[in-house]
Amino acid sequence: MLAVAAGLYYEFGYLLSLHSIKVNRDWIAAEVERNFWLSACIYMLAMCLDIGLTIPGATTLSFAGGLFFDQPYAAIFSYMGYVIGACVSYLLVRTVLADFAKWLLNTESRLYKKLERNLKNNAFIYLIAARYTLVFPFWFVNGCAALTGVPFTTFMSATAVAVIPGSVLYTTAGRAMTNVLATLDQDTKVSVTDVLIQSMGSDDVKASAMSLAVCGIIPVLMKIRSHRKKMAKAHNEADGLGKAASKDTSQQKKKTS
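Residues numbered from 1 in each chain as written. Predicted model: local features only at pLDDT ≥ 70, side-chain atom pairs only at ≥ 80, totals over all residues. Heavy atoms only, no water.

*Asks:* Whenever I open this one, the overall build of the chain confuses me. Can you help?
*Replies:* For the chain, the count of helices and strands is 12 helices and 0 strands. Ordering the α and β elements of the chain from the N terminus gives α-α-α-α-α-α-α-α-α-α-α-α. In the chain, which comprises 257 residues, the proportion classed as buried is 39%. The contacts of the chain with a sequence gap of at least 6 include a subset with a gap of at least 24, amounting to 80%. Accessible surface, the chain as shown: approximately 15,100 Å² in total, 63% of it carbon and sulfur. (Helix = DSSP H or I, 4+ residues; strand = E, 2+ residues; numbered from the N terminus. Buried < 20%, exposed > 50% of the residue type's maximum accessible area, 1.4 Å probe, protein only. Contact = heavy atoms within 4.5 Å. Areas by Shrake-Rupley, 256 points an atom, 1.4 Å probe, with all protein chains shown as cover.)

Here it is in structure tokens:
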């Protein structure tokens, strides 16, 4: 399966480049308009395969969703691709790719150990936090969650929450990128950095980025709340033990007297 994925990327990986998207944008847009729902299914399938098989290009595909679909369809289709693809990746690691994933993720590394420790502490919160911080690659989180033994329902629900802001942000940026690419000639060399900078300057993208930043605070607040609950529970248990010990002491004194 991995050989097939590598072969597909080697053969068709150039189609995920911004230059290819720019050159074929008008043709693809016309085909999307003519076969909207079929195009949506193909797009979501491409994202599922890309993420599920850990092929580079998921972010570009998410941007492409904004190029070829209007909102909110672009965000919805990208969201479905992210969630289903992540679940496919998780299940593959849990079933047939565990040994390869251990080698790929380098389970002895500090990065893996840190995420593993956090996931065992509170899987739901840290899965969301890991998606938001952008420190851990998307595929890395999928594999680590599977190897750590995070329940599938927890993984799926946390992923379903965590990818919402990114789906909206990337597809919104992709929509803004349409205007940038439209100003370039067919033969103009596309600079990914320049296109991204110009796209990120749009008001819609700025608003989405601010929303993403706000969402990033949520896991932190959840973590603080969880920590406070644990501290309160430990304090109550300590008080209970203290009262029990005091009661035993008073009873012994009564017996002695």
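*Asks:* Please explain the nonpolar core as it appears in this structure.
*Replies:* A general feature of soluble globular proteins is that nonpolar side chains tend to end up buried together. The biggest cluster of nonpolar side chains holds 24 residues, and the ones touching the most others in it are Leu115, Leu119, Leu127, Ala145, Val150 and Phe155. Listing elements by their share of this core, those giving two or more residues are α5 (73-95), α6 (98-105), α7 (110-121), α8 (123-133), α9 (138-148) and α10 (152-182). Considering each element in turn, this core owes the most residues, 6 residues, to α8. Formed by 21 residues, the second largest nonpolar core is a distinct cluster that contains Ala58, Leu67, Tyr82 and Met177. (Core = buried A, V, L, I, M, F, W, Y, C linked by side-chain atoms within 4.5 Å.)

*Asks:* Just to check I follow, could you spell out the UniProt feature "transmembrane region" (unreviewed entry) in the chain for this structure?
*Replies:* On the UniProt side, "transmembrane region" (unreviewed entry) is annotated at positions that read residues 35-53, 73-93 and 123-141 here. For residues 73-93, helix accounts for 100% and strand for 0%, while the C-alpha atoms at its two ends are 30 Å apart. (UniProt positions renumbered as here; feature names shortened; annotations may be inferred.)

*Asks:* Would you mind going over helix α4 (residues 58-68) with me for this structure?
*Replies:* Residues lying three or four places apart along an α-helix face the same way, a consequence of the helix completing one turn every 3.6 residues. Within α4, 9 of the 11 residues are buried, leaving the element largely enclosed by the surrounding structure. Looking at α4, one finds that the buried residues are Ala58, Leu61, Ser62, Phe63, Ala64, Gly65, Gly66, Leu67 and Phe68.

*Asks:* Where do I start with the environment of Leu104 in this structure?
*Replies:* Residue placement: Leu104 occurs in helix α6. Distance in space between the C-alpha atoms of Leu104 and Gly143 is 9.2 Å, their sequence separation being 39 residues.

*Asks:* Please clarify how the packing of α5 against α9 should be interpreted in this entry.
*Replies:* At a minimum axis separation of 8 Å, α5 and α9 run at an interaxial angle of 45 degrees. As the angle between them shows, α5 and α9 are arranged oblique. The interaxial crossing formed by α5 with α9 has right-handed handedness. Across the interface between the two elements, Tyr82, Ala86, Ser89, Tyr90, Val93 and Arg94 of α5 pack against Phe138, Asn142, Gly143, Ala145, Ala146 and Leu147 of α9. (Axes fitted to C-alpha atoms, helices over the stretch in contact; angles between N-to-C directions. Parallel < 35°, antiparallel > 145°, perpendicular 65-115°, else oblique. Left-handed = near helix turned anticlockwise from the far one by under 90°.)

*Asks:* Explain the packing of aromatic side chains here, please?
*Replies:* Between two aromatic rings, the relevant description is the distance of the centres plus the angle of the planes. All told, the structure shown has 14 aromatic pairs when counted by the stated rule. Where Trp37 meets Tyr73, the ring centres are 6.3 Å apart and the plane angle is 90 degrees; that geometry is what we call edge-to-face. Within this pair, whereas Trp37 is found in helix α3 (residues 36-52), its partner Tyr73 is found in helix α5, the two being separated by 36 residues in sequence. Owing to a relative accessible area of 38%, Tyr73 belongs among the partly exposed residues under this scheme. Ring-pair connections join several aromatic residues into one group, and the members of that group are Phe36, Trp37, Tyr43, Phe69, Tyr73 and Phe77. Positioned over the ring face of Phe138 is Arg131, at 4.1 Å from the centre of the ring. (Phe/Tyr/Trp six-rings, centres within 6.5 Å; stacked < 30°, edge-to-face > 60°. Lys NZ or Arg CZ within 6 Å of the ring centre and 35° of its normal.)

*Asks:* So what exactly am I meant to see when it comes to the pattern of salt bridges here?
*Replies:* For side chains bearing opposite charge, pairing can occur when the charged atoms are close. One pass over the structure, following the stated rule, counts 2 salt bridges. Here Arg34 and Glu31 are joined by a salt bridge, their closest N and O atoms 2.4 Å apart. Of this pair, Arg34 and Glu31 are both found in helix α2 (residues 18-34), 3 residues apart, which corresponds to roughly one turn of the helix. A relative accessible area of 55% means that Arg34 is categorised as exposed. The partly exposed category is assigned to Glu31, whose relative accessible area is 24%. Measuring nitrogen to oxygen at the nearest pair gives 3.7 Å for the salt bridge that ties Lys120 to Glu116. (Salt bridge = Lys/Arg side-chain N within 4 Å of Asp/Glu carboxyl O.)

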